[in-house]
Amino acid sequence: MLSVAIEKKLQTPRTPSFQLEITEVFPPGFTVLFGPSGAGKSTVLDCIAGLLKPDQGRIALGEQVFFDHTTVVNLPAQRRGVGYVFQSLALFPHLSVEENIAYGMGGIAPEQRAIRIERITAGFHIGGLKSRKPPELSGGEKQRVALARSVITEPRVLLLDEPLTGLESGLRQAIQKDLREWNEEKRIPIIYVTHHQDEVNAIGERVVMMANGRVQKSGTPQEVLASPPTVALAQAIGFENLLAARVLEERDSDGVIRVLLEGDENCQLEVPLSSAKPGDTIHVAIRAGDILIASQLPNGLSARNVFRGTIEAMEEQGTLVRVKINAGAPFIAHVTPSAARSLQLTVGSVVWLVIKTHSCHTVTPR
Amino acid sequence: MNVDALLLSLRLATIVSVSLLIIALPLAYWLAFSSWPGKFLLDSLVALPLVLPPTVLGFYALIALGPRGVVGKFWQALFGHSLAFTFPGLVLASMLYSLPFAVQPLVTSFESLDRRLLDASAILGASPTRSFFRIILPLAWPGVITALVLSFAHTLGEFGVVLMVGGDLAGVTRTVSIDIYDRVQALDYSGAHETALLLLVISFVVLSAVYGMNRRVWSLWRAR
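Everything quoted here is computed from the prediction, not taken from an experiment.

Turning our attention to the overall build of chain B. Within chain B one finds 11 helices and zero strands. Ordered by position from the N terminus, the helices and strands of chain B form the series α-α-α-α-α-α-α-α-α-α-α. Taken over the C-alpha atoms alone, chain B extends approximately 65 × 45 × 30 Å along its principal axes. Every one of the 224 residues in chain B was classed for burial, and the buried ones make up 40%. Partitioning the intrachain contacts of chain B with sequence separation of at least 6 by distance along the chain shows that 74% fall at a separation of at least 24.

Residue and element names in this part refer to chain B. Direction vectors running N to C along helix α2 (residues 39-51) and helix α5 (residues 87-111) enclose 115 degrees, while the axes themselves pass 7 Å from each other. Crossing hand, α2 versus α5: left-handed. The residues of α5 that touch α2, namely those facing V46, A47, P49 and L50, are L96, Y97, L99, P100 and V103. Looking at side-chain class alone, the contact of α2 with α5 contains nine nonpolar, no polar and no charged residues.

As a further point, take the sheet that holds strand β17 (residues 305-317) of chain A. All names here are of chain A. Spatially, the five strands line up as an open sheet ordered β16-β20-β17-β18-β19, and their pairing is antiparallel. A strand with exactly one partner marks an edge of an open sheet, and here the two such strands are β16 (292-294) and β19 (329-335). Strand after strand, the sheet turns through a mean of 45 degrees between neighbouring axes, direction not considered. Where β16 meets strand β20 (residues 350-355), three bridges bridge the pair, whose relative direction is antiparallel. By the bridge assignment for β20, A294 is matched with W352.

I48 and L159 of chain A together with A61, L106 and V165 of chain B are the most contacted members of the largest nonpolar core, which has 118 residues in total. Those residues in contact with L159 of chain A that lie beyond four places of it in its chain are L45, I48, A49, V82, G83, Y84 and I191 of chain A. Of all hydrophobic cores here, the second largest spans 31 residues; its members include L243, I293, F331 and I355 of chain A.

Residue and element names in this part refer to chain B. Within chain B, residue pLDDT values average 86, and 94% of them lie at 70 or more. Ranking the helices and strands of chain B by mean pLDDT puts helix α6 (residues 115-123) first, with 95, and helix α4 (residues 70-79) last, with 83. Confidence drops under pLDDT 50 across residues 217-224; counting only partners more than four residues distant or on other chains, this segment forms 17 contacts. Overall fold confidence (pTM) sits at 0.73, and the ipTM for the predicted complex is 0.79.

Within a sheet, each strand pairs with its neighbour through backbone hydrogen bonds, oriented either parallel or antiparallel. Residue and element names in this part refer to chain A. The five strands are arranged β14-β13-β12-β15-β21 in an open sheet whose pairing can be described as antiparallel. Both outer strands of the open sheet, β14 (268-272) and β21 (361-363), are each paired with one neighbouring strand and no more. Neighbouring strand axes in the sheet, compared pairwise and without regard to direction, differ in orientation by 45 degrees on average. Both strand β15 (residues 281-286) and β21 contribute to a ladder of three bridges, which runs antiparallel.

Glancing now at the pairing of strand β10 (residues 206-211) of chain A. Judged by how many residues are buried, β10 of chain A sits mostly within the fold: five of six residues are covered. Between the antiparallel neighbours β10 of chain A and strand β11 (residues 214-219) of chain A lie two residues, among them N212 of chain A with a positive phi of about 50 degrees.

Cut-offs applied
Residues numbered from 1 in each chain as written. Chains lettered and ligands numbered in written order. Predicted model: local features only at pLDDT ≥ 70, side-chain atom pairs only at ≥ 80, totals over all residues. Helix = DSSP H or I, 4+ residues; strand = E, 2+ residues; numbered from the N terminus. Buried ≥ 20, exposed ≤ 12 C-beta atoms within 10 Å, placed from the backbone. Contact = placed C-beta atoms within 7 Å. Axes fitted to C-alpha atoms, helices over the stretch in contact; angles between N-to-C directions. Left-handed = near helix turned anticlockwise from the far one by under 90°. Nonpolar A, V, L, I, M, F, W, Y, C, P; charged D, E, K, R; others polar. Pairing = 2+ DSSP bridges. Core = buried A, V, L, I, M, F, W, Y, C linked by C-beta atoms within 7 Å. pLDDT = per-residue confidence, 0-100.

In structure tokens form, the structure reads like this:
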């Protein structure tokens, strides 16, 4: 159990007055630290690792205090027993893969060392690369080596700062599986930083969502991702549609409110009840994948929000087609390429958008 | 040609560049990694020999090394003679004179290292000393070579400081550049030419050997 309760002021050219304030307990297992870039995720990891000194507060792993401002404890990084994989990986370019992996095994007898290197390189599928140097490795191989180098030291906390960024999803899932298997026997706290929503779903047992140096929400991925509390966060999580709207009326008995989207007098939406009052301006966040497209006016639907619109642009992105529709307000919808073909969607087509009330998330700006 | 003077110069340059490296490594480490706000003062102090006329530097060195100077007094108490106009005195003054040529390439190469590599080293349990020998030094190797060669070459060619501190004692402090000067003064142009040409060739060979070994190293000044 890693408990972190710290404050840290940082001054960088990009953020002249950044204040980090976090109080969070990280249990054994995966915790995804999630949020837009600049939220302070890496700063938290640097403080836990001992690379940055917090201004206030306390960091402790079980009984062992890493940092305590009041009792002036600040354990140096090399004595914290933390594993940390940086976003840049930071493999030592002049050392071979084997030397990189063995770097942190100073206190271990040579024959024991060889056995463990053998086991870990096999486990991470890099057994054949041991004599290579980092510049000769592919991106995925480097990431596996960096992971192996961290976990072989038997860390008591593992910090992973976007370690799988830039990998294609198949490879990413394979490495995530290796990591998960490795942690099944260790059960140490693993903090996994990412700003990709799909990684949150794939990895997280718990999610801690950060923005502007503060924790916004924590819980299971479903709880945290379901409704974002701020506009900035909604954008970060990947709500492709974020529309400003004015609240028209509350219908408490139906549990909904009616809102008018900015930009069009006729574009009204029914969204779930929130704290917003009539006259308030709010944002409505809708995932592109939650919008259905129909080529004809549908009838007999439970969905309450149906709009007529025109396709303004289409863009194929791998396994989905991103469709931009003008329905008074601009909407982005995702459909599969085969659906796009069978509905004969092209730029200029007239379509109907169908959106369930509970696919609309209200975001009240601060 | 004065072989004695040439050998003396080579001996001086070797001793100076090697001892300077030993001093410059920790100094450059501190200059590169310390976060002390007054660091710029030491930066300036180290760079001072670059802008001072060698005679000014040599003058103060002579006073310091002389029987009434701080260093000279100490030396005299230990060995019974003054440092001025001796080979050890010449070594000390030359080290002062060539200090920036050893320190600055090292600082440049230390500063250009990826800090995350040092973080990674610490995270993996390495002490700062271990990080220095396993990560910093191997990766900053071109800077070390540059520091050695520059301070060697700079010492080999110095004139003003040597004349001020060492005088012109044959076999003791008469270096090759002083020898050339003496010959020109005596109108022995062919003798001066022989020695000058040899110095030119040696310098060129040393420099091109280093250039050839590593083409990236020649960044004497800090990239800031």
